[in-house]
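Understanding the architecture of this molecule
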Amino acid sequence: MSYKIFLDEDEIPRKWYNLAADLPSPLQPPLGPDGNPISPDMLAPVFPMNLIEQEVSSERWIDIPEGVLELLYRWRPSPLVRAVHLEKALGTPAKIFFKNESLSPAGSHKPNTAVVQAWYNKEFGIKKLTTETGAGQWGSALAFASALVGLECKVYMVRISFDQKPFRKLMMETWGATCIASPSNQTQAGKAFLEKDPNTPGSLGMAISEAVEEAVTDSSGQTRYSLGSVLNHVMLHQTIIGLETQKQLKKAGIKKPDVVIACAGGGSNFAGLAFPFVSDKISGQDIDILAVEPSSCPTMTRGEFAYDFGDVAKMTPLLPMHSLGHDFVPPPIHAGGLRYHGMAPLVSQAIVEGLVTPKSIHQLECYQAAMTFAKTEGIIVAPETSHAIACTIQEANKAKEEGKEKVIVFNLSGHGLMDLRGYDDFLNNNLKDYELPQADLEKSSACMSDLPKPSTAKTGKW
Ligand SMILES: Cc1ncc(COP(=O)(O)O)c(C=O)c1O
């Protein structure tokens, strides 16, 4: 048995998989301020038209351009690794595999879409990209991608992470980007947030408002906004993870996994690994597909499936998604990338249909799992990724109790070498679990009460 299963460069997938083509209960459209579905040209001030075409596409397979493959070859295909040392430590009969996305130059799965978005923007004649970042993984991925294709890049980084992770900012600057703390004084939205609460820790929702505002107010028309998760085209680009994994499992002689696991903040690394397996599940395979979030920011497990804005200043269209309300300011837990009020519409619709099962886990269990993983497999994972590992350990222990030789695959979405402050707090007993009080949830959800409601109809097959 090989510990690592590699693909040659010529085995890299040449098409992305679009789940929108196959969802049994169809994806519902984004709505404009008047409650009517928005048209592609309404998105044109925000994104280049070549990416908008992908956003609204219902084609099952979309070609990956040769120029994009040239960028992806810098670190792809990524290895699929059998976690034999973790299996041994747990004494489980389960076979555990992880897809190692931490080997990209920026340290996570985020460059899988960053280089694609940068390439399409460059093709469209754009000169500058703006974006937000939570943990700093996305900001550094876009800074890296912008450097490769020759674009300017400006990143609004959520204040709490900006303070906790100074080295992420330095990475972005090394790749030539500008990174500032959000809320900032550089946008109207930022000024309004600061006026309301000068000590706000910020949120992804606020940072998105600032980045979108800067893009759409550039009178030269040469700036666009880039989002690292949530949107359909981002999910699409990430499916290269799961498509490679399918080929690698086949090489390892495995017909299908029993359980597929990834953490979910806006849904992109989860969608990336899981959607090709969701397709298999729709075709009749028996696979448990688990999306894991923090109990302190329980978007999928306790949020409503509703139409909501993607940002605090209500600049985005209304998206049909699980949401805690666009006003939600998440508690400052260390998994900065999982502190978002919403979820990708494609992931949300798959949850509504019963194809995907959401789970929530508290941060102490996640850090404990990350410690076990570091001491067995050796990799110090990102705090976000620790949620997938905690869930994997739960499933491996379940397999042990049931005496079943299950195949479990999880996404190792990123390393944690820039996130050691969280490990420091855990090692010194300075971390606590935090259950979002029901009253706080009701308060933050109230902002959605007057918005249109999406259909929750499903086929009932899963
Ligand atoms: C390493 C890592 N994993 C997971 C996530 C969560 O994002 P998403 O749900 O879009 O994969 C992030 C977000 O910053 C991240 O940095």
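Not measured: the values here are computed from a predicted model.

Section: the overall build of the chain
Of the regular secondary structure elements, the chain holds 18 helices and 15 strands. For 462 residues, the compact-globule estimate of 2.2 N^0.38 gives 23 Å, and the C-alpha radius of gyration of the chain, at 20 Å, lies within 12% of that figure. The principal-axis extents of the C-alpha atoms in the chain amount to approximately 60 × 50 × 50 Å. Burial status across the chain gives 56% buried among its 462 residues. The contacts of the chain with a sequence gap of at least 6 include a subset with a gap of at least 24, amounting to 77%.

Considerations on the site of the ligand
Taken together, 21 residues are adjacent to the ligand, and Gln137, Ser229, Gly265, Gly337 and Gly414 come closest. At the level of elements, helix H5 (137-149), helix H12 (268-282) and helix H16 (383-402) are the ones that each hand at least two residues to the shell around the ligand. With three residues, H12 is the single largest residue contributor to the shell around the ligand. When its residues are assigned to classes, the shell around the ligand shows seven nonpolar, 13 polar and one charged.

Some thoughts on unusual backbone geometry
Following Arg76, the chain continues into Pro77 via a peptide bond in cis, with omega recorded as -5°. By the element assignment, Pro77 lies in the loop between helix H2 (66-72) and strand S4 (80-82). Put simply, Ser182 and Pro183 share a cis peptide bond, and its omega is 5°. When you line up the elements, Pro183 lands in the loop between strand S8 (178-182) and helix H8 (188-196). Positive phi, normally seen in glycine, also occurs at Asn429, with a value near 55°. On the secondary structure map, Asn429 appears in the loop between helix H17 (420-427) and helix H18 (438-445). Exposure remark for Asn429: the 8 C-beta atoms within 10 Å place this residue in the exposed category.

Concerning helix H15 (residues 363-376)
Quick reminder: α-helices carry 3.6 residues per turn. Residues three or four places apart thus point the same way. Taking 1.5 Å as the rise per residue, H15 with 14 residues should run 20 Å; its terminal C-alpha atoms sit 20 Å apart, in good agreement. Among the residues of H15, Gln363, Cys366, Tyr367, Ala369, Ala370 and Phe373 are the ones counted as buried. The buried residues of H15 occupy one face: seen down the axis, they fall within an arc of 160°. Those residues of H15 that are buried lie in contact with helix H3 (84-90), strand S11 (288-294), strand S14 (357-361), H16 and H17. Where H15 ends, the next residue or the one after it, Gly378, has phi of about 95°, a positive value.

Let's talk about the nonpolar core
By size, the foremost hydrophobic cluster in this structure holds 129 residues, and its most contacted members are Ile261, Ala262, Ala274 and Val347. Apart from the residues within four sequence positions on either side, Val347 is in contact with Ala264, Gly267, Phe270, Ala271, Ala291 and Val356.

Looking at the sheet that holds S8
Pairing in this open sheet of four strands is parallel, and the strands run S8-S7-S6-S9 from one edge to the other. In this open sheet, the two strands that pair with only one neighbour each are S8 and strand S9 (223-225). Taken over all neighbouring pairs, the strand axes of this sheet differ in orientation by 25° on average, direction set aside. Bridging between strand S6 (residues 128-133) and S9 involves three bridges; their strand directions are parallel. Residue pairing across strands places Leu129 opposite Arg224, the latter belonging to S9.

Things to note about the confidence of the model for the chain
Chain-level statistics for the chain give a pLDDT mean of 96 and a share of 100% at 70 or above. Confidence, expressed as mean pLDDT per element, reaches its minimum in the chain at helix H6 (residues 159-164) with 88 and its maximum at strand S10 (residues 259-263) with 99.

Some words on helix H14 (residues 345-353)
H14 sits mainly inside the fold: nine of its nine residues count as buried. Pro345, Leu346, Val347, Ser348, Gln349, Ala350, Ile351, Val352 and Glu353 are the residues of H14 that are buried. After H14 finishes, the residue Gly354 shows a positive phi value of roughly 90°.

Reading the values: rules and limits
Residues numbered from 1 in each chain as written. Predicted model: local features only at pLDDT ≥ 70, side-chain atom pairs only at ≥ 80, totals over all residues. Helix = DSSP H or I, 4+ residues; strand = E, 2+ residues; numbered from the N terminus. Rg over C-alpha atoms; globule rule 2.2 N^0.38 Å. Buried ≥ 20, exposed ≤ 12 C-beta atoms within 10 Å, placed from the backbone. Contact = placed C-beta atoms within 7 Å. Near = placed C-beta within 6 Å. Nonpolar A, V, L, I, M, F, W, Y, C, P; charged D, E, K, R; others polar. Expected span 1.5 Å × (residues − 1). Arc of directions from axis to C-beta. Core = buried A, V, L, I, M, F, W, Y, C linked by C-beta atoms within 7 Å. Pairing = 2+ DSSP bridges. Axes fitted to C-alpha atoms, helices over the stretch in contact; angles between N-to-C directions. pLDDT = per-residue confidence, 0-100.

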